[in-house]
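Architecture and fold: a report
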Amino acid sequence: MTTSELTIDEWYMRRCIQLAYNGLGSTYPNPMVGSVIVYEGRIIGEGWHQKAGEAHAEVRAITSVKDKSLLPKSTIYVSLEPCCHFGKTPPCADLIIAHKIGRVVIGTTDPFAKVHGKGIEKLRNAGCEVIVGVCEAECRELNKRFFTFHEKHRPYIILKWAETRDGFIAPLHKEEVAPHWISDVYARQTAHQMRTEEQGIVVGVGTVLADNPSLDSRSWYGRNPVRIIIDPKLRSPKEFAVWNDRTTTLFFTEETSVPEMIHTDFFTIDFKHKPLEQICAKLYEMNLQSMIVEGGAYTLQQFIDEGLWDEAVVFTGDICFGEGVKAPILK
């Protein structure tokens, strides 16, 4: 759909979505939300949710309006249903009602059980005209992590790897314990940017032993993801980077005797009975909404075969190995 084909409501909702993306990577466990207030065809207020525990998008938009007397004759647009419960901040639906904003346009309902439909009902009961479902697909895409987490009860899962032009993810033999780079520096920088946008990063013990990875975001400004290591026998050498205290690390193992460490937690699971489902269930319990699975080939293929993935990002380098570890096969 081109800009010229958008309705007025869709045009302003697109602006809400644009604003909301400013919060990518910093709002967890909350969703990204944008809000715009319009009076007689002119935007008089804007806002987006910037960080969990801080003001929501609607609050920031209303606060930004200089002349509050215009609010009763205005329309407020918001990409996600306004909340109606007390969390770390008061309900946004109450604030909209208090300012007598008569028309509310919502992108999509909130899947969170404490809100789902209740915010809309509260606004309508207060006499507001409420329109729901404007740019709904785009609003759901904006919060694909949040929706997956609440609807599927697991994190949003992104598979990521680099492969050669002839379809290999790693050489057959390596002379050192370090990554064998297939992609260029710009692709690696993009990968580190991705890490700042997701809550966790997953590798199997094979990748730890082969590459000694740091699994941090050193090539891009932002927070480091939680490291998640699938290591049944706890074979990861204690001098390797995954044991450092730069970020929280979670080990999933079958071992019952584990060390006590700062910034490192261990979870014992049964690797004979759908281990990936057990891992996803534990991460859901820990409120972790998204993760990148970076390898290796065996771990990636397990997620693919179990149908536990939502998105795949594959970098293809301009080199060939001739032989090596085959890249995962997407179904």
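This one's a predicted model, so the numbers in the text were calculated from it and none came from an experiment. (Residues numbered from 1 in each chain as written. Predicted model: local features only at pLDDT ≥ 70, side-chain atom pairs only at ≥ 80, totals over all residues. Heavy atoms only, no water.)

**Side note on the domain arrangement of the protein chain**
As far as domains go, the protein chain holds domain 1 (8–148) and domain 2 (154–326). Taken together, the 9 residues of domain 1 in the interface contact 13 residues of domain 2. Overall, the association of domain 1 and domain 2 removes approximately 960 Å² of surface from exposure, summing both partners, and the carbon and sulfur fraction of that is 51%. Looking at the side of domain 1 facing domain 2, the largest losses of area belong to Tyr28, Arg145 and Thr148, adding up to 56% of the total buried there. One can count 2 salt bridges joining domain 1 with domain 2. Arg145 is the partner of Glu198 in a salt bridge, and the nearest nitrogen-oxygen pair spans 2.8 Å. At the boundary of domain 1 with domain 2, the tally comes to 6 residue pairs in polar contact (both at pLDDT 80 or more). Here the side of domain 1 that touches domain 2 is composed, by residue class, of 4 nonpolar, 3 polar and 2 charged. (Domains from an automatic or database assignment. Contact = heavy atoms within 4.5 Å. Buried area = accessible area lost by both parts, 1.4 Å probe. Salt bridge = Lys/Arg side-chain N within 4 Å of Asp/Glu carboxyl O. Polar contact = N/O pair within 3.5 Å; in protein donor to acceptor, adjacent residues only side chain to side chain. Nonpolar A, V, L, I, M, F, W, Y, C, P; charged D, E, K, R; others polar.)

**A look at the packing of aromatic side chains**
Within the structure shown, the criterion is met by 8 aromatic pairs. With 4.6 Å between their ring centres and 40° between their planes, Phe149 and Tyr284 make a pair best called tilted. With Phe149 in helix α6 (residues 144–152) and Tyr284 in helix α9 (residues 275–285), the pair connects residues that are 135 residues apart, well separated along the chain. Overall, the relative accessible area of 3% leaves Phe149 in the buried class. You can call Tyr284 partly exposed: its relative accessible area is 28%. On the basis of an interplanar angle of 20° and a centroid distance of 5.5 Å, the ring pair of Phe251 and Phe266 is categorised as stacked. Of this pair, Phe251 sits in strand β10 (residues 249–253) while Phe266 sits in strand β11 (residues 264–268), and the two are 15 residues apart along the sequence. For the residue pair Phe251 and Phe266, the accessibility class agrees, reading buried in each case. Grouped by ring-pair contacts, the aromatic residues Trp11, Tyr12 and Tyr77 constitute a single cluster. In this arrangement the basic side chain of Arg188 is found over the ring face of Trp181, its NZ or CZ atom lying 4.4 Å from the centre. (Phe/Tyr/Trp six-rings, centres within 6.5 Å; stacked < 30°, edge-to-face > 60°. Helix = DSSP H or I, 4+ residues; strand = E, 2+ residues; numbered from the N terminus. Buried < 20%, exposed > 50% of the residue type's maximum accessible area, 1.4 Å probe, protein only. Lys NZ or Arg CZ within 6 Å of the ring centre and 35° of its normal.)

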